[in-house]
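# Observations on the three-dimensional arrangement
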4 protein chains.
Amino acid sequence: MYRKQMIGVIGDSSIDNDQERKIAYEVGYLIAKNNFVLVCGGRAGVMEEACRGALDAGGLTVAILPSSTKEEANPYCNIVIPTGLGWTRNSLVALSSDILICIGGKSGTLSEIAFGWMYNKPIIAFSKESGINGWSAKVAGKKIDDRRNDSIYSVKTAEEAINIAKKFINQKTI
Amino acid sequence: MYRKQMIGVIGDSSIDNDQERKIAYEVGYLIAKNNFVLVCGGRAGVMEEACRGALDAGGLTVAILPSSTKEEANPYCNIVIPTGLGWTRNSLVALSSDILICIGGKSGTLSEIAFGWMYNKPIIAFSKESGINGWSAKVAGKKIDDRRNDSIYSVKTAEEAINIAKKFINQKTI
Amino acid sequence: MYRKQMIGVIGDSSIDNDQERKIAYEVGYLIAKNNFVLVCGGRAGVMEEACRGALDAGGLTVAILPSSTKEEANPYCNIVIPTGLGWTRNSLVALSSDILICIGGKSGTLSEIAFGWMYNKPIIAFSKESGINGWSAKVAGKKIDDRRNDSIYSVKTAEEAINIAKKFINQKTI
Amino acid sequence: MYRKQMIGVIGDSSIDNDQERKIAYEVGYLIAKNNFVLVCGGRAGVMEEACRGALDAGGLTVAILPSSTKEEANPYCNIVIPTGLGWTRNSLVALSSDILICIGGKSGTLSEIAFGWMYNKPIIAFSKESGINGWSAKVAGKKIDDRRNDSIYSVKTAEEAINIAKKFINQKTI
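Residues numbered from 1 in each chain as written. Chains lettered and ligands numbered in written order. Predicted model: local features only at pLDDT ≥ 70, side-chain atom pairs only at ≥ 80, totals over all residues. Heavy atoms only, no water.

### Quick look at the relation of the copies chain A and chain B
The condition that has to hold: Only residues with pLDDT of at least 70 in both copies count here: their C-alpha atoms drive the least-squares fit that superposes the copies. Note on contacts: a residue pair qualifies if any of its non-hydrogen atoms lie within 4.5 Å across the two residues.
If you rotate chain A by 180° and push it 0.0 Å along the axis, it lands on chain B with an RMSD of 0.0 Å. Look at the turn and shift together and you get a two-fold axis relating the two. Closest approach to the rotation axis within chain A is made by the C-alpha atom of Ser111(A), at a distance of 2.3 Å. Comparing interface residues between copies, 100% of those in chain A also lie at the interface in chain B; the contact surface is shared.

### Focus on the interface of chain A and chain D
Convention followed: Buried area is understood as the total, over both parts, of accessible area removed when two parts are fitted together, assessed with a 1.4 Å probe. Salt bridges are defined by distance alone: a side-chain nitrogen of Lys or Arg within 4 Å of a carboxyl oxygen of Asp or Glu. As used in this structure description, the phrase polar contact means that two N or O atoms lie within 3.5 Å; if the pair is within protein, one of them must be able to donate a hydrogen and the other to accept it, and residues adjacent in sequence are counted only when both atoms belong to side chains. Strands here mean DSSP runs of E at least two residues long; helices mean DSSP runs of H or I at least four residues long; both are numbered from the N terminus. Following the grouping adopted for this structure description, the nonpolar residues are Ala, Val, Leu, Ile, Met, Phe, Trp, Tyr, Cys and Pro, the charged ones are Asp, Glu, Lys and Arg, and the polar ones are all others, Gly among them.
The partner chain D presents 27 residues to the 27 residues of chain A that form the contact. For chain A, the biggest contributors to the area lost against chain D are Tyr2(A), Arg3(A) and Lys70(A); these three give 27% of the whole. If you look at where chain A meets chain D, you find 2 salt bridges. Note that Asp98(A) is salt-bridged to Lys70(D), the shortest N-O span being 3.3 Å. Our count for the chain A to chain D interface comes out at 10 residue pairs in polar contact (both at pLDDT 80 or more). Listed by contribution, the elements that provide at least two residues to the side of chain A that touches chain D are β3 (61-65), β4 (79-82) and α3 (90-96) of chain A. When residues of the side of chain A that touches chain D are assigned to their parent elements, the largest contribution, 4 residues, is made by β4(A). Taken together, the residues of the side of chain A that touches chain D sort by class into 17 nonpolar, 5 polar and 5 charged.

### Observations regarding the environment of Gly86(A)
Our working rule: Relative accessible area decides the class of each residue, using a 1.4 Å probe on protein chains only: under 20% of the type maximum gives buried, over 50% gives exposed, and in between gives partly exposed.
For Gly86(A), the position within the fold is in the loop between β4 and α3. Among the residues examined, Gly86(A) registers a relative accessible area of 23% and is labelled partly exposed. Sequence separation between Gly86(A) and Ser68(A) is 18 residues; the distance between their C-alpha atoms is 8.5 Å. Not counting residues within four places of it along the chain, the set of residues in contact with Gly86(A) comprises Pro66(A) and Gly84(C).

### Things to note about the interface of chain A and chain B
Listed as interface residues are 22 residues of chain A and, on the opposing side, 22 residues of chain B. Inspection of the region where chain A meets chain B yields 4 salt bridges. Here chain A is connected to chain B by 12 residue pairs in polar contact (both at pLDDT 80 or more). Going through the elements one at a time, α3, α4 (107-118) and α5 (134-139) of chain A are the ones with two or more residues in the side of chain A that touches chain B. The dominant element in the side of chain A that touches chain B, judged by the number of residues it contributes, is α4(A), at 8 residues. Tallied by class, the residues present in the side of chain A that touches chain B amount to 10 nonpolar, 6 polar and 6 charged.

Next comes the structure, spelled out in structure tokens:
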């Protein structure tokens, strides 16, 4: 099987605070260190920090852009998919991810959380206790609706997030 | 100007309780009575009740379907757009609506609320006090993020919802 | 059954010659006169002339736009769906049409012909003998591939086009 | 710059003849040998042979699928993007490719050629003389419309195709 396991990182295109910057970088770094491919919306902010971390760990990054040209991608994207779909592309970020890790985020991130939930993807969200605000803090530990038995995983550190992600991917392999 | 003003109705494809059924029908009825076109996702539940109400008032209904064929539409849809985009079509429901009215709803509705907010559409949501649950009750009176100065309008009756909608559309005309 | 039968008109956003302008208007006029809804890409040129004809005959017009706002629509569109998908929306024009009528056209129209063929829609194209150039003249009377038993209908007048369209829609009703 | 240059391979999901199979494999092999990433629709036939060739040369393959799950991908795809868009995804295959190489093909491939032309991508097509049929043979050496000054490149061998592709990518780098 040559197919790579892909972890999606969702969050805002601007950085809210230093803790968000640090966590985004670490999550990206650990995704790559564990041989997962990082997929994201390819823009600035949380996405860029995560991509930077992934490349520092020798990883591979995939950007699913709103625009129809590749220039919009942050400099740390290897594989750039310019969808030309505008924000509608948020649905494709969720679909492409085997697991989603949510770091902060505004309305765009919220749409990705909603799609991730509809598409039955495991979702991991940084809680308020991690120093992260935005929608990840609001949904951490919660359910989006009653369609699923599980909840959104609530985490405080990048290590915790990756450990949960690894459990899911091992289950799938066995 | 031959372009019609379009009001989007978003909510779940199943009905949560009798109050939700009643409100969905009334909202659809009043949309049509006030010469607006009703646009929705075209499926069952809240969407179907709203379409039924709109046709009873002599109105016109537009369905933006996930499927690639027209059979999925509820029987009260006049203009059927089968997008073939799956849930990704939720973004197009928000884009097509000049104003959004949210009645209950699960994760799909939440994605439409998030897109409506991103696309700068006025959003009107039925509050808990109206007897409605789901995401409309959760977001009524709130902001999705700090990008906009306004909040989601919180309403308790179909009349209230339509009165707010009419204010927006008059502003635009003047 | 409240669902309207919808005929798609595809062609370029600029007018090639006076004959193209005349035919586009007549096709739109006859679509409406026969109680079909006209659906198109909503832009200028062939689309605008067809919409103008449809409104002159008291009809209803639906625009499926590339842009994410409604301003791009030509002035003769009643129901405007701003998809925000760019040219990717061409696929949705084909999906929404029960039958496609092709008048001239460049690469965009060619993509709509290809999608119409994939989606198994009857396609009617104006031939070179009608005074029309572009892709409709190239594909009139031809097959796009061997997946379908039928061919693209070749027509010389708007009346011919509508008569073929009516045959298909009657078959469906019976 | 960490961004990879991506070459799209477009063609049918079934193989027309042995020559088509051979050329698809060779094109994929040479794309990878020259350090380009191969992007395609991810399905069987021409796409699968090209992916197989690319992996044999140690390359990286990207699949942009119509379906909303990853199972539809052929076994030689590394990065799988399940768009859930149906055939509408053809537009994204064209957008993601810096250059397109067309090998045979039916209506789906024709839509990708049309989009590639709209998106101003260099297009290389295998001619009838190469032993290839379908739309690549029909458009090789031709223009889709008069919007562009160039034509679709007509080639007879995989080496020729890659040499043209390399010229474009060098131009861009300088």
